[in-house]
Number of protein chains: 2
Amino acid sequence: SLSAVSHSGKCSRVMVIGGDGYCGWATALHLSKQGYEVAIVDSLVRRLFDEQLGTHTLTPIASLQKRVKRWRDLSGKSLSVYVGDICDFEFLESSLRAFAPDAVVHFGEQRSAPYSMIDRGRAIFTQHNNVIGTLNVLFAIKEFAAECHLVKLGTMGEYGTPNIDIEEGFITINHNGRSDTLPYPKQASSFYHLSKVHDSHNIAFTCKAWGLRATDLNQGVVYGVMTPETQLHEELINRLDYDAIFGTALNRFCVQAAIGHPLTVYGKGGQTRGYLDIRDTVRCVELAIANPPNLGEFRVFNQFTEQFSVNELAKLVIGAGKKLGIEVEAANVPNPRVEAEEHYYNAKHTKLVELGLEPHFLSDALLDSLLNVAIKYLDRVDRALIMPDVSWKKVGVKPRTVMSENMA
Amino acid sequence: SLSAVSHSGKCSRVMVIGGDGYCGWATALHLSKQGYEVAIVDSLVRRLFDEQLGTHTLTPIASLQKRVKRWRDLSGKSLSVYVGDICDFEFLESSLRAFAPDAVVHFGEQRSAPYSMIDRGRAIFTQHNNVIGTLNVLFAIKEFAAECHLVKLGTMGEYGTPNIDIEEGFITINHNGRSDTLPYPKQASSFYHLSKVHDSHNIAFTCKAWGLRATDLNQGVVYGVMTPETQLHEELINRLDYDAIFGTALNRFCVQAAIGHPLTVYGKGGQTRGYLDIRDTVRCVELAIANPPNLGEFRVFNQFTEQFSVNELAKLVIGAGKKLGIEVEAANVPNPRVEAEEHYYNAKHTKLVELGLEPHFLSDALLDSLLNVAIKYLDRVDRALIMPDVSWKKVGVKPRTVMSENMA
Ligand SMILES: NC(=O)c1ccc[n+]([C@@H]2O[C@H](COP(=O)([O-])OP(=O)(O)OC[C@H]3O[C@@H](n4cnc5c(N)ncnc54)[C@H](O)[C@@H]3O)[C@@H](O)[C@H]2O)c1
Ligand SMILES: NC(=O)c1ccc[n+]([C@@H]2O[C@H](COP(=O)([O-])OP(=O)(O)OC[C@H]3O[C@@H](n4cnc5c(N)ncnc54)[C@H](O)[C@@H]3O)[C@@H](O)[C@H]2O)c1
């Protein structure tokens, strides 16, 4: 039988799509450490983006081949590796059938909002890559592993910034004397975030029509780079993006602080979002896998631990910097994005805690450790990559083959 | 200047994407008749679907070239024609720049739910064709006709069948003591309907980020085939689909009645939807064009005139048939779709009426005329095409190159 669930019903084989990326690599090692059989599926296209744009991770990451070998040597555990593009169904099908997972954790998408706003080609690439890739995963599971649990990474950005509390995936609406619990309305604000909204709708449909089981993890912004596994050896180190295209707010600020560059607060800095430590990302995924939904169920968790405005983050980084003897200040730069800079924000995030998540909080200690990593790799920082160069309003149809220092 | 709006600010040049199709052809002629300069953009891929699946329109339609020539000969009005695929940006750009429209009416998508559920390839084709095509239209308008009004065809099917009233695009939600007006939650139930949900989210974003203006017409099921323009001449006749893949409920029932085939009610027949006469489709589009939204506004109209359950439709057709001496009955066939067969349904549709729509109602007269068209072309009916052959649950990854009479 092609069914992938082991006879005990316990999940033991996990396929991590996007397992060479920032969240995926840390998750693959964590699950391997916890005793799961893990396969990594990745096209390595994220490494290609770096080559094409002239960006790079702050931390010097090893090749996937070396990483996997090093993990085996250190832990005694093997990771299966399938290098290919999930938009290529033949590749995906053969990987899925060969590995026969109980759960598929799907990180394998183009995940940068600015990247999706560089030019028309990359906007289209992002939606094609993400939406078609996920459709292929859904078809492959339906056909070859119908009981397999899909754990799909979404983003908190799908919800936008509504003036009411954000619930976890669904909201009960009372209207004209009647009531229903419906998908929470989505207001995404980049072609990347929109691709996640599309995915969520597609996945919900297949759970209903085909009886698949899925967990949509609407993740906040991830910070940090070390997990117990990735810090075991230089060749296991995780990527850390600090440039204006792939670097996310807190990670970027820490690197800016380390080199004494003013923290680039976009616009008024009142933009509030949910954040979480990468050590919580890997734990959340483990919790989702260990507690699968029923067949036919489409479940949504908001995966973050704390909310901060950009100004609050900047203040925390400035304070932590002081303790390390670093003097740095915040600078308000014109916002390259189109987004509300002052808004209500209150998003629920209790479901993962109910499953057992014990959050790491953004303390000075953590900032120290993030800052210290930044300081350690100081000489790898390219200052030309820090200022925003992609404008939501100016994105055009002409291909931008080389990024200029200051287009916006 | 590349700006497409004429100096009076009045809309006079309209590009109809999908102008060779069922709604598009009737709309193109209607607008031409009303004095608009009209261009048709179409890849003619709908005609290819018929060839590939062995389906065909009940009415013998002329080639696009003949249609356009006949209209010029009869009306003295020329239609510009651009044959090509809007997923090809170079083609779209050159057509848009050459014609310089004030409004783009976008009908040009794969619009059959069953087609999108035949196999993986067609599911992917549908989402790719529709989502990428619409993204291209948005980029082309942004870059080459920023003031142009996009009138985009959506579907009432985007809303699904919630247990509360369906509003026009947005709903005001009171939640935990706060309130906001948000996009109405979407619950689409085929890869086709989902593609429309994706489009709506993408369009809303570009109105906000780029200041585009757009009207999303969430259309109900269209019935009828004759408009004053298309009935002028045999070579202007519109297509009428009756097969299980492209035929929509009422049109299909009338053809079934004409040949004495039991009316194929899927499941319990309690499925309720909004319907409208094709003469109202063309008028609604005209009203939307004549009353454009402001720049930056994303407007949604529910475009239908009456609600019916499938059972009610069957009863109306049976009754109308009787008057013409036709004895026909309804037959409940297993529902090939996954959908609620008994549900609450109350959808608002006042905005187009406020703009001046005077609906044609589904009266016996209309049924007569639809039935009479069906009777006129009776000998063109292929009975093998009537029974549903595409199952929502059985859609697989293997390409189905030939449709069998009874797969479900
Ligand atoms: N990093 C964050 O702060 C954050 C926040 C919210 C959500 N997420 C989501 O989590 C997931 C992982 O994010 P990340 O930061 O690790 O991104 P990443 O870019 O570091 O990793 C993504 C990986 O997926 C691979 N990939 C992309 N498209 C692929 C395809 N078609 N076939 C095979 N592999 C493909 C890339 O090569 C890369 O290794 C993404 O889906 C992202 O949207 C991340
Ligand atoms: N017919 C209905 O009952 C109904 C109901 C609700 C909404 N709609 C919507 O109205 C629109 C028109 O529907 P219809 O019934 O006239 O469909 P149709 O298939 O008869 O017409 C669509 C036309 O678009 C063209 N087309 C498709 N993809 C294209 C592409 N990539 N480039 C260029 N041309 C392309 C096709 O060749 C076809 O001529 C669709 O968007 C549909 O979803 C229709």
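Residues numbered from 1 in each chain as written. Chains lettered and ligands numbered in written order. Predicted model: local features only at pLDDT ≥ 70, side-chain atom pairs only at ≥ 80, totals over all residues. Heavy atoms only, no water.

Participant: Break down the packing of helix H10 (residues 310–323) of chain A against helix H12 (residues 364–376) of chain A for me, citing the residues and quoting the values.
Facilitator: Residues and elements named next belong to chain A. For the pair H10 and H12, interaxial distance at closest approach is 9 Å and the crossing angle is 75°. In this view, H10 runs roughly perpendicular relative to H12, as classed from their interaxial angle. For the pair H10 and H12, the contacting residues are Leu-316, Val-317, Ala-320, Gly-321 and Lys-323 in the first and Asp-364, Leu-367, Asp-368 and Leu-371 in the second. Considered class by class, the residues forming the contact of H10 with H12 number 5 nonpolar, 1 polar and 3 charged. (Axes fitted to C-alpha atoms, helices over the stretch in contact; angles between N-to-C directions. Helix = DSSP H or I, 4+ residues; strand = E, 2+ residues; numbered from the N terminus. Parallel < 35°, antiparallel > 145°, perpendicular 65-115°, else oblique. Contact = heavy atoms within 4.5 Å. Nonpolar A, V, L, I, M, F, W, Y, C, P; charged D, E, K, R; others polar.)

Participant: Quick one: what's the story with the site of ligand 2, residue by residue and with numbers?
Facilitator: Residues and elements named next belong to chain B. Near ligand 2 there are 27 residues, and of these Cys-23, Asp-42, Arg-111, Tyr-192 and Lys-196 occur at the shortest range. One of the backbone N or O atoms of Cys-23 is found 2.7 Å from an oxygen atom in ligand 2. Asp-85 is positioned such that a nitrogen or oxygen atom in its side chain is 2.9 Å from a nitrogen atom of ligand 2. Bound to the protein, ligand 2 loses 97% of the 820 Å² it would expose on its own. Of all the secondary-structure elements, those providing two or more residues to the shell around ligand 2 are helix H1 (22–33), helix H2 (45–53), strand S5 (149–155), helix H7 (191–210) and strand S9 (221–223). Counted by class, the shell around ligand 2 contains 10 nonpolar, 9 polar and 8 charged residues. (Near = heavy atom within 4 Å. Polar contact = N/O pair within 3.5 Å; in protein donor to acceptor, adjacent residues only side chain to side chain. Areas by Shrake-Rupley, 256 points an atom, 1.4 Å probe, with all protein chains shown as cover.)

Participant: Got a sec to walk through the pattern of salt bridges? Specific residues and values, please.
Facilitator: Residues and elements named next belong to chain A. In the structure shown here, the tally under the stated rule is 46 salt bridges over all chains. In this structure, the salt-bridge partner of Asp-73 is Lys-69, at a minimum N-O distance of 3.2 Å. You can see Asp-73 and its partner Lys-69 sitting in helix H3 (residues 64–75), 4 residues apart, about one turn around the helix. Look at Lys-69 and you get partly exposed, because its relative accessible area is 45%. Overlapping salt bridges, with partners in common, bring together Arg-46, Asp-50, Arg-111, Arg-239 and Asp-241 in one network. (Salt bridge = Lys/Arg side-chain N within 4 Å of Asp/Glu carboxyl O. Buried < 20%, exposed > 50% of the residue type's maximum accessible area, 1.4 Å probe, protein only.)

Participant: Which residues make up the packing of helix H6 (residues 120–144) of chain B against H7 of chain B, and what values go with them?
Facilitator: Residue and element names in this part refer to chain B. Closest axis-to-axis distance for the H6/H7 pair is 9 Å, and the angle between their directions is 20°. Our classification of the angle between H6 and H7 gives roughly parallel. Two packed elements cross with a definite hand, and for H6 against H7 that hand is right-handed. Every residue of H7 that contacts H6 at Ala-123, Thr-126, Gln-127, Asn-130, Val-131, Thr-134, Leu-135, Leu-138, Phe-139 and Lys-142 is listed here: Phe-191, Tyr-192, Leu-194, Ser-195, His-198, Asp-199, Asn-202, Ile-203, Thr-206 and Trp-210. Broken down by class, the residue content of the contact of H6 with H7 amounts to 10 nonpolar, 8 polar and 2 charged. (Left-handed = near helix turned anticlockwise from the far one by under 90°.)

Participant: Which residues make up helix H4 (residues 89–99) of chain B, and what values go with them?
Facilitator: Listed in full, the buried residues belonging to H4 of chain B are Phe-89, Phe-91, Leu-92, Ser-95, Leu-96 and Phe-99 of chain B. Along the long axis of H4 of chain B, the arc covered by the buried residues comes to 160°, so they all point the same way. Opposite the packed face of H4 of chain B, turned more than 90 degrees from it, sit the exposed residues Glu-90 and Ala-98 of chain B. As for H4 of chain B, its buried residues are in contact with helix H6 (120–144) of chain A together with strand S1 (13–17), strand S2 (37–42), strand S3 (79–83), strand S4 (103–106) and H6 of chain B. The N-terminus of H4 of chain B is capped by Asp-88 of chain B, whose side-chain oxygen sits 3.2 Å from the backbone nitrogen of Glu-90 of chain B. Trailing H4 of chain B by a residue or two, Ala-100 of chain B shows a phi angle of about 50°, which is positive. (Arc of directions from axis to C-beta.)

Participant: Tell me about the site of ligand 1, residues and numbers included.
Facilitator: All names here are of chain A. Not every one of the 27 residues close to ligand 1 is listed here, only the nearest: Asp-42, Arg-111, Asn-129, Tyr-192 and Lys-196. In the environment of ligand 1, an oxygen atom lies 3.3 Å from a nitrogen or oxygen atom belonging to the backbone of Gly-21. Between an oxygen atom of ligand 1 and a main-chain N or O atom of Phe-107, the distance comes to 3.3 Å. Protein contact buries 97% of the 820 Å² of open area that ligand 1 shows by itself. Mapped by element, the contributors of at least two residues to the shell around ligand 1 are helix H1 (22–33), helix H2 (45–53), strand S5 (149–155), helix H7 (191–210) and strand S9 (221–223). The residue inventory of the shell around ligand 1, partitioned by class, reads 10 nonpolar, 9 polar and 8 charged.

Participant: Can you break down the sheet that holds strand S13 (residues 306–309) of chain B residue by residue, with the values?
Facilitator: Residues and elements named next belong to chain B. Strands sit in the order S9-S11-S13 across an open sheet of 3 strands; the sheet is mixed. A single partner strand is all that each edge strand has here, and the edge strands are S9 and S13. Going across the sheet, the axis of each strand differs from the next one's by a mean of 45°, ignoring polarity. Sheet topology places strand S11 (residues 272–277) next to S13; 4 bridges connect them, and they run antiparallel. Directly across from Tyr-275, in S13, lies its bridge partner Glu-306. Packed onto the sheet, helix H10 (residues 310–323) meets S11 and S13 and runs at close to 90° relative to S13. (Pairing = 2+ DSSP bridges.)

By themselves, these figures tell us nothing about what the structure is for.
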